[in-house]
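Analysis of the macromolecular model
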Amino acid sequence: MFITFEGIEGCGKSTQVKYLVDRLGNLDVSVFSTMEPGGTRVGQDIRRILLDSQNQNLSPLAELLLYAADRAQHVEEVIRPLLEQGKWVVCDRYFDATLVYQGYARGQEIGLIKTLNKKASLGIRPDITFLIDCPVRVGIERALRRNKALLDEGQDRFEREREEFHNSVRKGYLTTAREEPERFVVVDGTLEEEELAGVILDHIRPFLSPEDSGGG
């Protein structure tokens, strides 16, 4: 089972990934948590380049290709082997993020992005993608508070983008979700963390074996 989480900056993805992985682990599901960019050693180096606020002059095409490189390594080294072992994989961002950020928001050619995504992902698509949707200003305020608390304000290149950019990201995600309703589950990112975690787990329960589901 391959599950991905998507959404704008500060929507709560990483928190919900942790909630879900913890709850699945408590249900004796063999599950692995990962992220993009940065799910491998090589990917960590790429992540630092992509998120460094000093790299404001990074060209949109270079940015796109760096994400593709990160994904190619991630799928080959982490995602495909785990899925082949029968493990569940929960990933914080995947190829939808590239389509939305580099396509809808940066204006890179959608056809090129889809080709790169398909190549880099080896055709591996998520079984379920949770889109955590929230207003842009709510998400950005959360993200900036988080970065300040983590003393990580140098790794905030995307948070520093104009509000127009983030609105394009949100619209891109909602458009993508409408185009693939069989895969996407859109959830309310303004809910309290534990309430939202419960909503997400309810969507996962049909995929659990009866002994794992914990009942109704």
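Scroll up for the structure.
First, a word on what this report is: a plain description of the structure on this page. (Residues numbered from 1 in each chain as written. Predicted model: local features only at pLDDT ≥ 70, side-chain atom pairs only at ≥ 80, totals over all residues. Heavy atoms only, no water.)

With twelve residues, helix α5 (residues 110-121) should reach 16 Å at 1.5 Å per residue; the first-to-last C-alpha distance of 16 Å fits that figure. Within α5, the full set of buried residues consists of Ile 113, Asn 117, Ala 120 and Ser 121. For α5, the buried positions fall inside an angular range of 85° around the axis, keeping them on one side. Among the exposed residues of α5, those oriented more than 90 degrees off its buried face are Lys 118 and Lys 119. Looking at the packing, one finds that the buried side of α5 touches α3 (60-84) and α4 (95-105). Leu 122, located one to two residues past α5, shows a positive phi value of around 55°. (Helix = DSSP H or I, 4+ residues; strand = E, 2+ residues; numbered from the N terminus. Expected span 1.5 Å × (residues − 1). Buried < 20%, exposed > 50% of the residue type's maximum accessible area, 1.4 Å probe, protein only. Arc of directions from axis to C-beta. Contact = heavy atoms within 4.5 Å.)

Another aspect to go through is the pairing of strand β1 (residues 2-6). The buried fraction of β1 amounts to five of the five residues, a majority that puts the element mostly inside the structure. Alternating positions in β1 separate into two faces, Phe 2, Thr 4 and Glu 6 on one and Ile 3 and Phe 5 on the other, with burial throughout. In terms of strand pairing, β1 meets strand β4 (residues 128-133) through four bridges, oriented parallel. By the bridge assignment for β4, Ile 3 is matched with Ile 128. (Pairing = 2+ DSSP bridges.)

Moving on, we come to the sheet that holds β4. Taken in spatial order, the five strands of this open sheet run β2-β3-β1-β4-β5, and their pairing is parallel. In this open sheet, the two edge strands, each paired with only one partner strand, are β2 (31-35) and β5 (184-188). Looking at each pair of strands side by side, their axes are set apart by 20° on average, direction ignored. Its contacts with the sheet put helix α1 (residues 13-26) on β1, β2, β3 (88-92) and β4, and the angle it makes with β3 is roughly 165°. (Axes fitted to C-alpha atoms, helices over the stretch in contact; angles between N-to-C directions.)

Running from amino to carboxyl end, α4 crosses α5 at an angle of 155°, the nearest separation of the two axes being 10 Å. Overall, the two elements α4 and α5 adopt an arrangement that is roughly antiparallel. The two elements α4 and α5 cross, and the hand of that crossing is right-handed. Taken together, the residues of α5 that come into contact with α4 (itself represented by Phe 95, Thr 98, Leu 99, Gln 102, Gly 103 and Tyr 104) are Ile 110, Ile 113, Lys 114, Asn 117 and Ser 121. (Parallel < 35°, antiparallel > 145°, perpendicular 65-115°, else oblique. Left-handed = near helix turned anticlockwise from the far one by under 90°.)

So, about the nonpolar core. If you look at the biggest cluster of nonpolar residues, it comprises 35 residues, and the most contacted ones within it are Ile 3, Phe 5, Leu 20, Phe 130 and Ile 204. Leaving out residues up to four positions away in the same chain, Phe 130 has contacts with Ile 3, Thr 4, Phe 5, Glu 6, Val 185, Val 187, Ile 200, His 203 and Ile 204. One finds Phe 2, Ile 79, Val 89 and Ile 124 within the second-largest nonpolar core, a separate group that totals ten residues. (Core = buried A, V, L, I, M, F, W, Y, C linked by side-chain atoms within 4.5 Å.)

Before going further, it helps to examine the packing of aromatic side chains. Counted according to the given criterion, the structure contains five aromatic pairs. With a centroid separation of 6.3 Å and 80° between ring planes, the pair formed by Tyr 101 and Tyr 173 is classed as edge-to-face. One end of the pair, Tyr 101, is in helix α4; the other, Tyr 173, is in helix α7 (residues 163-179), with 72 residues separating them in the sequence. Across this residue pair, the class does not change: Tyr 101 and Tyr 173 are buried. These aromatic residues form a ring-pair network of at least three members: Phe 2, Tyr 94 and Phe 95. (Phe/Tyr/Trp six-rings, centres within 6.5 Å; stacked < 30°, edge-to-face > 60°.)

Going through the model one piece at a time under the given rule, you end up with 14 salt bridges. Glu 36 is the partner of Arg 71 in a salt bridge, and the nearest nitrogen-oxygen pair spans 2.7 Å. Taken together, the residues span a long stretch of sequence, with Arg 71 in helix α3 and Glu 36 in the loop between β2 and α2 (41-51) at a distance of 35 residues. Relative accessible area serves as the criterion here: at 1%, Arg 71 is assigned to the buried category. (Salt bridge = Lys/Arg side-chain N within 4 Å of Asp/Glu carboxyl O.)

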